[in-house]
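# Chain and residue survey
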Amino acid sequence: MKRFTLALAAMALALTASAQWNVDNNPVLLSGTELGQIQPKVALTKDGKMYIAWRTHKSTGKALCYSYPHLQLLDKDGNALFGENGLAVSDHRSPSWNSDYSLAVTSDGSAIISNADSRSEEAEDLERYNTFTPVWYKIDQSQNFVWGLDGLALNDRINSPFTDTYVVGDDVWILDRTDSYSEVNYSNRVSPEGTLAFTESQDIFGQIFPSIGTDFLVINAGSNGPEAIRYTRDCNKVWGDPAVLGSSNSGGHDLHPYKIDADGKGGAFVTWVRNVGDFGHMITSQHVTADGSVEFGLESMDVMSNEDYDVDYPQQASDTKNNTALVAFAYSLGDGAYNFSVQKFNATGDRLFGDTGKIIDSKTDDYAGWAFNNYGVLPVGDGEWLLCYSNVIAWASEDLYVTRIDKNGDVVWKQQIGQTGSFSEVNFVKGDNCSYVVYQGEDDDSNTMLKGARIFDDGTFNEGTGINIVNDNLSDVTSTTIHSIDGKVIKSIDGNDFNSTNFAPGIYIVTVKDAQGRTKSVKIVK
């Protein structure tokens, strides 16, 4: 397929912004001067650049809403490489209220952005759009439209509002989901040049995850519960039978109901929500190996040992070095009390944080029921983790935090991102020595735009400036933990009297904790 470049691309490339990542906890504007940006998605390249995709919504006089996809590329310093307002990917209108799109990065560092648009019915006088044509665009770092300006469109499919893209090695797998009962979903493999590998759709539906080499796992609901199936790139099954992960299919609310993370050996940790009774929920997990064994047993393992609470909306990450998985979740205790907690599993399904998990944050007297929002988990250091969550105060009003916890689930540091406000569609991704939070925010007039913040693994926003204090009102200190700058525990003691004489020259983070469990962290240099 021919390679195309927009005529304005070279001009836009010259309009790079100055380095824009934040130097304190105040997020920066990522979407340029335009307003109306919604539904951001983020993906990192191997060399540390960041693709950001979004939709810009519009409306007509008849209140017909639609949107256009856009793409931006930032270098490691936050310079916008696709111009101040990013690259307009398509001028075909896309109904945004009941469709979804995807963003992925290929092995050669290009972006794949998929969408469902109404190119087959774009008259101005429509009361509503009724068609969804799935399309995929491959755009390289020079803004070349590798698969053509109009993308790789499945023009014979007009009822597919949900599109997905999965990268396995050098292969790109595309999937769509139809909203018509008379049609089936579609899946195929695409070459780097944009050629479909199979003349017909393949019988592969679900969430795809890389396994060994070019093989991949597919996680989906089955007749006996969630199933995992391993395929080759030619769509041949590797195992004789699917691996049944548990007896209860997902009862969650996500388009992608299974949280999937690698075990480092071709298998995966999988977490989902199962129904409890008529209205309750419980988060449950399983570990499936590359040979199809389910390591938590024939039944999945819940994050709690009992079903006393309604537990929903999980986030998960895996630590391949220590072969563990961490699941974050929030739940109500009743009477206006809420907990934000984590549970850690080893490779065989033991609950390492007890029967109910480890409490990270809590609040009481919240009778309006705003609770916590759970946005992401990332592995960092030697068995330690980063969490992104918010304390919801009222409608469109929450405090957003990034917190680092150690292998025991104790808080190392906690930092607020921005001020109290509106945070939607939050993306939380891991860089080399930092993490990024990218989200949809609002200005004082309720106009939407994209914002983002970078925070380093030691809790600072401006590398080398020292960590902020988590809590400056501690009572008597009961314990002290010293970490190296890369997260390794150097020393743990009772009280706060320690001798650093034998410490090697370098930077250390000292975290003290009092009897109430409150912490304070400072950076020292020896």
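Residues numbered from 1 in each chain as written. Predicted model: local features only at pLDDT ≥ 70, side-chain atom pairs only at ≥ 80, totals over all residues. Heavy atoms only, no water.

A few words on the overall build of the chain. Secondary structure assignment for the chain yields 1 helix and 37 strands. Across the 526 residues in the chain, those meeting the buried criterion constitute 56%. Pairs at least 24 apart in sequence give 51% of the contacts found in the chain among residues at least 6 apart. Carbon and sulfur atoms make up 47% of the accessible area of the chain, which amounts to about 22,400 Å² in all. (Helix = DSSP H or I, 4+ residues; strand = E, 2+ residues; numbered from the N terminus. Buried < 20%, exposed > 50% of the residue type's maximum accessible area, 1.4 Å probe, protein only. Contact = heavy atoms within 4.5 Å. Areas by Shrake-Rupley, 256 points an atom, 1.4 Å probe, with all protein chains shown as cover.)

Moving on, we come to the sheet that holds strand 18 (residues 243-244). Within the open sheet, the 4 strands sit side by side as 15-16-17-18. Their pairing is antiparallel. Among the strands making up the open sheet, the edge pair consists of strand 15 (207-210) and strand 18. As paired strands, strand 15 and strand 16 (residues 216-222) are joined by 4 bridges and run antiparallel to one another. Residue pairing in the sheet places Phe209 in a bridge with Leu217 of strand 16. (Pairing = 2+ DSSP bridges.)

Space left empty within the atom packing is revealed by a probe, the size of a water molecule, rolled over the atoms. By the definition in use, this model includes 1 cavity of 30 Å³ or more. Together, Ser250, Gly252, His253, Asp254, Pro257, Trp272, Val273, Asp312, Tyr313 and Pro314 line the largest cavity. Among the elements of the structure, strand 20 (268-276) and strand 23 (311-319) are those that each provide at least two residues to the lining of the largest cavity. When residues in the lining of the largest cavity are grouped by element, the largest group, 3 residues, is from strand 23. Here the residues of the lining of the largest cavity are counted per class, giving 5 nonpolar, 3 polar and 2 charged. (1 Å grid on protein atoms, 1.4 Å probe; cavity = no way out; pocket = protein on both sides within 12 Å on 5 of 7 lines; lining within 4 Å. Points joined across faces, edges and corners; volume = space filled by probe spheres on them. Nonpolar A, V, L, I, M, F, W, Y, C, P; charged D, E, K, R; others polar.)

The next thing to look at is the packing of aromatic side chains. A full pass over the atoms with the stated rule returns 15 aromatic pairs. Geometrically, the ring pair formed by Phe372 and Tyr389 is edge-to-face, given 6.1 Å between the ring centres and 65° between the ring planes. In this pair, Phe372 sits in strand 27 (residues 372-380) while Tyr389 sits in strand 28 (residues 384-394), placing the two residues 17 residues apart along the sequence. For Phe372, a relative accessible area of 7% puts it in the buried group. Of the residues examined, Tyr389 reaches a relative accessible area of 0% and is grouped as buried. Through pairs of rings, three or more aromatic residues link up here, namely Trp173, Phe198, Phe216 and Tyr231. Lying over the aromatic face of Phe372, Lys363 brings its terminal NZ or CZ to 5.2 Å of the ring centre. Looking at Lys414, its charged tip hangs above the ring of Tyr401, at a distance of 4.2 Å from the centre. (Phe/Tyr/Trp six-rings, centres within 6.5 Å; stacked < 30°, edge-to-face > 60°. Lys NZ or Arg CZ within 6 Å of the ring centre and 35° of its normal.)

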